[in-house]
Amino acid sequence: MEDISLHLLDILQNSVSAGATLIECCFSRKEDVLSLSVEDNGKGMDEQTLKAAVDPFYTSKAFRKKKVGLGIPLFAQSATLSGGSFDLQSELGKGTILKASFVVSSIDALPLGDVALTMVTCIVAHPKVDFVLRSSVNGEKDCFDTRLVKKELDGVPLDQPEIRNFMEEILCQQIGKLEDR
């Protein structure tokens, strides 16, 4: 995958497929390190599945003829190649936490990509799932939470063009701070 937002899309879809109703994404930027964590309240994984999830020759998708799932292994590789780190934790029945960090100045660091569009696409595609995007840049914190947006809109669907555009604009501003130095 060519940027972090595409990896994020894959991870968010994994969370939705695991039955998550709340997915929290946290980005932080401190000096030359960009960190990302994704935490969900989905069905989680047992220890055997958790170990297999980082294996590029494993997939949980039953419809595939070949059992190959590259999303998580490629994400882990992207993080570590940049000089960063990767960690995956899960507990059956409680959810999953994925953490990755990237050394931004590394020649092997992936660009951030369009995280705002990725988030809005997932929000609109999965209206029954709540998404939270937290960000912190050198101590300055921002938070976007669909639970608050839904409460304020009082039943107006988030897929309305004006709402969708508004969310994307807010998220672009929030994510843009991660790229500023």
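All figures in this text were calculated on a predicted structure; none of them were measured in a lab.

A. Broad picture of the packing of helix H1 (residues 4–17) against helix H3 (residues 71–81). The interhelical angle for the contact between H1 and H3, taken along N-to-C directions, is 140 degrees, at an axis separation of 10 Å. The pairing of H1 with H3 is recorded here as oblique in orientation. In this structure, H1 crosses over H3, and the sense of that crossing is left-handed. Here His7, Asp10, Ile11 and Asn14 of H1 lie close against H3, whose contacting residues are Gly71, Ile72, Leu74, Phe75 and Ser78. Class assignment for the residues of the contact of H1 with H3 results in four nonpolar, four polar and one charged.

B. Geometry of the sheet that holds strand S4 (residues 95–103). Reading across from one edge, S3-S4-S2-S1-S5-S6 is the order of the six strands in this open sheet, with mixed pairing throughout. Each edge of the open sheet is held by one strand with a lone partner, namely strand S3 (85–91) and strand S6 (140–145). Pairs of neighbouring strands in the sheet enclose a mean axial angle of 10 degrees, with direction left out of account. Note: S3 against S4, seven bridges, orientation antiparallel. Bridge pairing in S4 links Glu91 to Gly95.

C. Spatial organisation of the nonpolar core. The biggest cluster of nonpolar side chains holds 43 residues, and the ones touching the most others in it are Leu8, Leu12, Ile23, Phe27, Phe86, Met119 and Phe131. Broken down by element, the residue count for this core peaks at six residues, all from helix H4 (residues 115–125).

D. The arrangement of the pairing of S4 in detail. Across eight bridges, strand S2 (residues 33–40) lies against S4 in antiparallel orientation. In the sheet register, Val38 faces S4, and the bridge partner there is Leu98. From the end of S3 to the start of S4, which pair antiparallel, there are three residues, and Gly93 there has a positive phi angle of about 85 degrees.

E. Molecular detail of the side chain of Ser135. Mapped onto the secondary structure, Ser135 falls in strand S5 (residues 130–137). Taking the relative accessible area as the measure of exposure, Ser135 reaches 5% and is therefore buried. Separated by 3.1 Å, the side chains of Ser135 and Gln174 make a polar contact. Excluding residues that lie within four positions of it along the chain, Ser135 makes contacts with Phe27, Glu140, Lys141, Asp142 and Gln174.

F. The arrangement of the environment of Leu117 in detail. Within the secondary structure, Leu117 sits in helix H4. Given a relative accessible area of 33%, Leu117 falls into the partly exposed group. Sequence spacing of Leu117 and Gln77 is 40 residues, and the spatial spacing of their C-alpha atoms is 24 Å. Excluding anything up to four places from it in sequence, Leu117 contacts Arg164 and Glu168.

G. Local environment of helix H6 (residues 161–179). Between its first and last C-alpha atoms H6 spans 27 Å; for 19 residues at 1.5 Å apiece the expected length is 27 Å, and the two agree. Within H6, burial applies to Ile163, Met167, Glu168, Leu171, Gln174, Ile175, Gly176 and Leu178.

H. Molecular detail of the environment of Leu81. Within the secondary structure, Leu81 sits in helix H3. With 63 residues separating them along the chain, Leu81 and Ala18 place their C-alpha atoms 28 Å apart.

Basis of the calculations
Residues numbered from 1 in each chain as written. Predicted model: local features only at pLDDT ≥ 70, side-chain atom pairs only at ≥ 80, totals over all residues. Heavy atoms only, no water. Axes fitted to C-alpha atoms, helices over the stretch in contact; angles between N-to-C directions. Helix = DSSP H or I, 4+ residues; strand = E, 2+ residues; numbered from the N terminus. Parallel < 35°, antiparallel > 145°, perpendicular 65-115°, else oblique. Left-handed = near helix turned anticlockwise from the far one by under 90°. Contact = heavy atoms within 4.5 Å. Nonpolar A, V, L, I, M, F, W, Y, C, P; charged D, E, K, R; others polar. Pairing = 2+ DSSP bridges. Core = buried A, V, L, I, M, F, W, Y, C linked by side-chain atoms within 4.5 Å. Buried < 20%, exposed > 50% of the residue type's maximum accessible area, 1.4 Å probe, protein only. Polar contact = N/O pair within 3.5 Å; in protein donor to acceptor, adjacent residues only side chain to side chain. Expected span 1.5 Å × (residues − 1).

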